[in-house]
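Chains, contacts and geometry: an overview
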Amino acid sequence: MKRFWIVLTVMLPTFIEILDTTINNVALRHIQGSLSAGVDESTWIITSYLVSNAIVIPMAGWLSKIFGRKNYLIFSITVFTISSFLCGMAWSLTSLIFFRVLQGIGGGGLQPLSQSILLETFPKEKYGTAMAIYGMGIIMAPILGPIVGGWIADNFSWRWIYYINIPVGIISILMTYLIIEDPHYLKREKLRIDYPGIIFLALGIGCLQIMLDKGEREDWFESKFIITLFVISILSLATLLWWELKRAEHPIVNFRLFKDRNFFFGNLVMFFTFVNLFGSIILLPIYVQNLMGYTAFLAGLVLGPAGIVQFIAFPISGKIVDRINPKIPLAFGIIMCAYSTHLMSLFNLQAGFWDFVYPRAVLALGMAFVITPLAAMTVAYIPKEKMQDATPLNGVIRNIGGSVGTAIVTTIVSQRTQFHQARLVENLTPYDIPYQIIIEKLNEYLSIRTFLPPENPIYRELIRQAQAIAFNEAFWILSIAMISMIVTIMFFRKPIYKKKGGDADAVH
């Protein structure tokens, strides 16, 4: 029973924090109107949160050592809750962006801390169950974010997307204080503050996150701003790696964990998994709304059945991982994820509602059978006393994977649409018979109308067709990237679980 309360305590704030990474996306137009902000300016509401969140995540283990994990967890939830209230009270775009930075700082520690607590709460032979619970939170939250955010913004006020965090935060603080305890090996330590590590980490991760978020709008390396961010990020991260491995007395990021084969390949697969997940989550609603004319509600319904599939599939995957070699469900999950995005690459403009629902449901099934065994195998050989160093690294890899996936697919769609538009225009000549037939029918239509359409319907259809081809190519690339991860399975060591009557941590 105590284990149930621990799970509820750590997953409640984590779910809300991850929800906040996507809940703002559909409410931006409401915020723009309320705060008199432009489109480009308002995107900083999302970017500011992602940047501060990404910087704090890899520091979570180090901060836990300094303040004590329980104290740091309470502090994180408190900052997240207070800043959520302030976001709802924001009186200008500048104030909202500032409070979003604070919200990201507070939320940054919640993902890795909840994962490490779950892994310590469950014995190694139950890691599959633990990671199934965690996986449900980190996968379902970003899916539900746009749906919940759109409903709140349309029916109430955009400010309530922040206010809903307040009661959850207060309950979480009380539950953490009463239920969570630090194990004996995680007591507070007096460490010298790694100032160079903090600076290099903030510059490297911060500039990388901004570059990925703004790259498409700025035309990538055609922009001096993006080039500057890229150079600063690469130099800072390279210096951080050297400093933490060679010079830091108490490293803020424990890169030595990557010497563990499972940890290295686990994070590699996790990176591409979230590239696939976020890439498809971004593309599918845009496809059905922009190309098929679906309303926001119908677009949400396309994603809805996937949540039901995940709700069923994650507990099943946890039980399976606890009983058999995790490599088997992992291989199945990778194949399903790749197959789902392959199905999406076959979309056409005559597709029906269920043609979109089915691939998304397949992806949901695949994600359940990737996340659960992968999370269990990644930390299978990490000692429990180092778990708080491992889970922040795992968390930042997931976040960067999601950002890279979003950046890749938006760039592919934008650039390939232009390419296909140019190629399709080549066929619109007076010598093309289908083109002549369409022009004749259009002239007949316009001859009986008293007004001209606002846009040439032929050109509008050409753009629609070019975009559809570009979307299909983006889905195809996601599918290829995902299936390439199947080769990594042979490099994982099978987890050694406790034998009956043996020592649960004998592997260490």
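Our subject is the structure that appears above.
The present account deals with the structure reproduced in this document. In this text the structure is predicted, and so the values were computed from the model without any measurement.

Observations concerning a positive patch on the surface
- A surface patch of like charges, here positive, comprises Arg-3, Lys-126, Lys-319 and Arg-323.
- Position of Arg-3 among the secondary structure elements: in helix α1 (residues 2-19).
- For Arg-3, a relative accessible area of 38% puts it in the partly exposed group.

Examining the nonpolar core
- Leu-96, Tyr-287 and Phe-356 are the most contacted members of the largest nonpolar core, which has 140 residues in total.
- It is helix α14 (residues 261-291) that contributes the most residues to this core, 14 residues altogether.

Re the packing of α14 against helix α16 (residues 327-344)
- Relative to each other, α14 and α16 sit at 30 degrees, their axes nearing to 11 Å. When the interaxial angle is binned, α14 and α16 end up roughly parallel. Relative to α16, the crossing made by α14 is left-handed. Listed contacts from α16 to Val-269, Asn-276 and Ser-280 of α14 are Ile-334, Cys-337, Thr-341 and Met-344.
- Each residue belonging to the contact of α14 with α16 can be placed in one class, and the counts come to 4 nonpolar, 3 polar and no charged.

A word on the pattern of salt bridges
- Considering all chains together, one arrives at 3 salt bridges under this definition.
- When the shortest N-O distance is used, the salt bridge between Asp-260 and Arg-493 registers 3.3 Å. Placement of the pair is Asp-260 in the loop between α13 (224-247) and α14 and Arg-493 in the segment after α20 (457-483), with a sequence separation of 233 residues.
- The class of Asp-260 is buried, set by a relative accessible area of 12%.
- For Glu-473, the salt bridge identified is with Arg-416, shortest N-O distance 2.8 Å. Placement of Glu-473 in helix α20 and of Arg-416 in helix α18 (residues 387-425) is noted, with a sequence separation of 57 residues between them.
- The exposure class of Glu-473 is partly exposed, given its relative accessible area of 23%.
- Using a relative accessible area of 29% as the deciding quantity, one classes Arg-416 as partly exposed.

Observations regarding the environment of Arg-323
- Structurally, Arg-323 is set in helix α15 (residues 296-323).
- At 3.3 Å, the side chain of Arg-323 and the backbone oxygen of Lys-319 are in polar contact.

Digging into helix α12 (residues 195-214)
- Taking 1.5 Å per residue as the helical rise, α12 with its 20 residues ought to reach 28 Å, and the 28 Å between its terminal C-alpha atoms agrees with that figure.
- Among all positions in α12, only Gly-197, Leu-201, Gly-204, Ile-205, Gly-206, Cys-207, Leu-208, Gln-209, Ile-210, Met-211, Leu-212 and Lys-214 are buried.

Concerning α14
- In a regular helix each residue adds 1.5 Å, so 31 residues correspond to 45 Å; α14 covers 44 Å between its end C-alpha atoms and thus fits that length.
- The distance from a side-chain oxygen at the start of α14 to the backbone nitrogen of Asn-262 is 3.1 Å, and the residue carrying that oxygen is Asp-260.
- Within two residues after α14, Gly-293 carries a phi angle of roughly 80 degrees, on the positive side.

Some remarks on a nonpolar patch on the surface
- The grouping of Phe-221, Ile-227, Phe-230, Val-231, Ile-234 and Leu-235 at the surface amounts to a nonpolar patch, some 530 Å² of accessible area in total.
- Among the secondary structure elements, Phe-221 is positioned in the loop between α12 and α13.

Thresholds applied
Residues numbered from 1 in each chain as written. Predicted model: local features only at pLDDT ≥ 70, side-chain atom pairs only at ≥ 80, totals over all residues. Heavy atoms only, no water. Patch = residues over 30% accessible without salt bridge, like charges linked within 9 Å, V, L, I, M, F, W, Y side chains within 5 Å. Areas by Shrake-Rupley, 256 points an atom, 1.4 Å probe, with all protein chains shown as cover. Salt bridge = Lys/Arg side-chain N within 4 Å of Asp/Glu carboxyl O. Lys, Arg positive; Asp, Glu negative; His and termini not counted. Charge placed at Lys NZ, Arg CZ, Asp CG, Glu CD. Helix = DSSP H or I, 4+ residues; strand = E, 2+ residues; numbered from the N terminus. Buried < 20%, exposed > 50% of the residue type's maximum accessible area, 1.4 Å probe, protein only. Core = buried A, V, L, I, M, F, W, Y, C linked by side-chain atoms within 4.5 Å. Axes fitted to C-alpha atoms, helices over the stretch in contact; angles between N-to-C directions. Parallel < 35°, antiparallel > 145°, perpendicular 65-115°, else oblique. Left-handed = near helix turned anticlockwise from the far one by under 90°. Contact = heavy atoms within 4.5 Å. Nonpolar A, V, L, I, M, F, W, Y, C, P; charged D, E, K, R; others polar. Polar contact = N/O pair within 3.5 Å; in protein donor to acceptor, adjacent residues only side chain to side chain. Expected span 1.5 Å × (residues − 1).

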